[in-house]
Structure formats: structure tokens, C-alpha cells
Amino acid sequence: MTNHPRRAVIAEDNPILRELIAKALGWAGPWEIVKVAEGGEALATIAAHGANLVIVDWKMAGVDGLECTRRIRAGENGIDRTIPVILVTAAGDELTEAMAGAVGVSRLLRKPFALTQLHQAIQQLAGG
């Protein structure tokens, strides 16, 4: 029996945080990880290759995390609308749970977060 890895797309403009998020994904089992620096790249990757999980930063150049999530939930370019989306942000009160929920974010994590928090969110949303 072949164990095919699931695909996760990480859209984060901070390269160090991208690597830390990838490490947390590695703890959650076999993942094919695609790392990009902004939401437009994430959307193109998801449309072309699919994804089982998206982890996206809120504030990035180009397409930000909220807009990326809106487009995923709209099924833009045939994207699966049900993909779990974890939004990470350093924002304080300027981004509320209600704002994130309104566009379809599955889980909001505020920076700095513990990798164990991210791992738990991955487990709950995408299994493994």
C-alpha cells in the first residue's frame, strides 16, 4: 500500500516563519509542502495542484491572507472551497475572530504562537 502525502500550501512572507511552519507540518505526518511568499502564488498553486491545507499570513504584499481565503471559499479557478485555512497574524485587535470567520478562515492563530498550537490546529483541521 502506498502512502501518498497530503499537500499543504504555506503562504508567509517571512522565510524563517515559513520554515518553522513547515517543521510543524512535518510533525503531523507526511506532507508535500509548497512554500510561497504571497497569496496570489498560493492561489495559483492550489488551482494547479490542489491542497489539503492552507496556512496563510494575513498581511503580505500582493494578495493578503483574508483575500486569499475569500477566493478559496469562492472556489476561484476550480479550487476546492472546503480546504481548511489557518490564518496566522501578528495583528492585535485590528483583526477579530469575527472578521476572519466572515471570510471563511478555519482557525486564526496570533503571532507569536507556539509550534504546538499550530500542530494542534493542523491535527484538528486536516487529521494526521
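The structure under discussion appears in the preceding block.
Because the structure is predicted, anything quoted here is derived from the model rather than measured. (Residues numbered from 1 in each chain as written. Predicted model: local features only at pLDDT ≥ 70, side-chain atom pairs only at ≥ 80, totals over all residues. Heavy atoms only, no water.)

Here's the deal with the overall build of the chain
What counts, and what does not: Secondary structure is summarised from DSSP: a helix means a run of H or I of at least four residues, a strand means a run of E of at least two, and numbering begins at the N terminus for each. It is over C-alpha atoms that the radius of gyration is taken, and the globule rule equals 2.2 Å times the number of residues to the power 0.38. Working definition: with a 1.4 Å probe on protein chains only, accessible area under 20% of the residue-type maximum means buried, over 50% means exposed, and in between means partly exposed. Here, two residues are considered to be in contact whenever any of their heavy atoms come within 4.5 Å of each other. To measure how exposed things are, a 1.4 Å probe is used in the Shrake-Rupley method; for residues, cover is taken only from the protein chains shown.
Per the secondary structure count, the chain includes five helices and five strands. Mapped in sequence order, the helices and strands of the chain form the string β-α-β-α-β-α-β-α-β-α. Over its C-alpha trace the chain gives a radius of gyration of 13 Å, about what one expects of a compact globule, namely 14 Å for 128 residues. Burial statistics for the chain: of 128 residues in total, 45% are counted as buried. If you take every contact in the chain between residues at least 6 apart in sequence, the share linking residues at least 24 apart comes to 60%. Of the roughly 6200 Å² of accessible surface on the chain, 52% is carried by carbon and sulfur atoms.

With respect to the nonpolar core
As a reminder of what qualifies: By convention a nonpolar core is built from buried Ala, Val, Leu, Ile, Met, Phe, Trp, Tyr and Cys residues, the set being connected through side-chain atoms within 4.5 Å.
Judged by nonpolar contacts, the single largest core of 25 residues is most densely connected at Ile-46, Val-54, Val-56, Ile-72 and Leu-87. Counting only elements with at least two residues in this core, the list comes to β1 (6-11), α2 (39-49), β3 (53-57), α3 (65-73), β4 (85-89) and α4 (97-103). Counting residues in each nonpolar core, the second largest holds 18 residues, with Ala-8, Ala-22, Ala-24 and Leu-109 among its members.

Observations regarding the packing of aromatic side chains
What counts, and what does not: Whether two aromatic rings pair depends on their centres lying within 6.5 Å, for rings of Phe, Tyr and Trp, where Trp uses its six-membered ring; planes under 30 degrees apart make the pair stacked, over 60 edge-to-face, and the rest tilted. Working rule: Lys NZ or Arg CZ, within 6 Å of ring centre, within 35 degrees of ring normal, means a charge sits over the ring.
In the structure shown here, the tally under the stated rule is zero aromatic pairs. The side chain of Lys-59 reaches across the aromatic face of Trp-58, ending 4.9 Å from its centre.

Quick notes on helix α5 (residues 115-126)
What sets the pattern is the α-helix's 3.6 residues per turn: residues three or four places apart point alike. How we decide: Given a helix with a known number of residues, its expected span is that number minus one, times 1.5 Å. It is the directions from the helix axis to the C-beta atoms that the arc portrays.
Helix length check: α5, at 12 residues, gives a terminal C-alpha distance of 16 Å against a target of 16 Å (1.5 Å per residue), a fit within 8%. Those residues of α5 that fall on the buried side of the exposure criterion are Leu-118, Ala-121 and Ile-122. Along the long axis of α5, the arc covered by the buried residues comes to 100 degrees, so they all point the same way. Of the residues flanking the end of α5, it is Gly-127, one or two places downstream, whose phi is positive at about 70 degrees.

Examining the pattern of salt bridges
Rule in force here: Salt bridge, as used here: a side-chain nitrogen of Lys or Arg that lies within 4 Å of a carboxyl oxygen of Asp or Glu.
Taken as a whole and judged by the stated rule, the model has eight salt bridges. In this structure, Arg-70 engages Glu-67 in a salt bridge whose closest nitrogen and oxygen atoms are separated by 2.9 Å. In this pair, Arg-70 and Glu-67 both sit in helix α3, three residues apart, roughly one turn of the helix. The exposure class assigned to Arg-70 is partly exposed, which follows from its relative accessible area of 39%. On the accessibility criterion, Glu-67 (26% relative accessible area) is partly exposed.

Here we look at the sheet that holds strand β5 (residues 107-110)
Convention followed: Pairing between strands is defined by DSSP: at least two bridges between them are needed. Axes, fitted as lines to C-alpha atoms, cover a helix only where it is in contact. Angles between the N-to-C directions of the axes lie from 0 to 180 degrees.
The sheet built from five strands is open, its strands ordered β2-β1-β3-β4-β5 with parallel pairing. In the strand order of this sheet, the two ends are held by β2 (31-36) and β5, each with one partner. The average angle at which neighbouring strand axes cross in this sheet is 15 degrees, direction not considered. Most of the contacts of α5 go to β5, to which it runs at about 175 degrees, and overall it touches β1, β2, β3, β4 and β5.

Quick word on the side chain of Arg-7
Test applied: Polar contact is defined as a pair of N or O atoms within 3.5 Å, subject to the rule that within protein one atom must be able to donate a hydrogen and the other to accept it, and that residues adjacent in sequence are counted only when both atoms are side-chain atoms.
Assignment of secondary structure puts Arg-7 in strand β1. In this structure the side chain of Arg-7 is engaged in a polar contact, spanning 3.4 Å, whose partner is the backbone oxygen of Gly-50.

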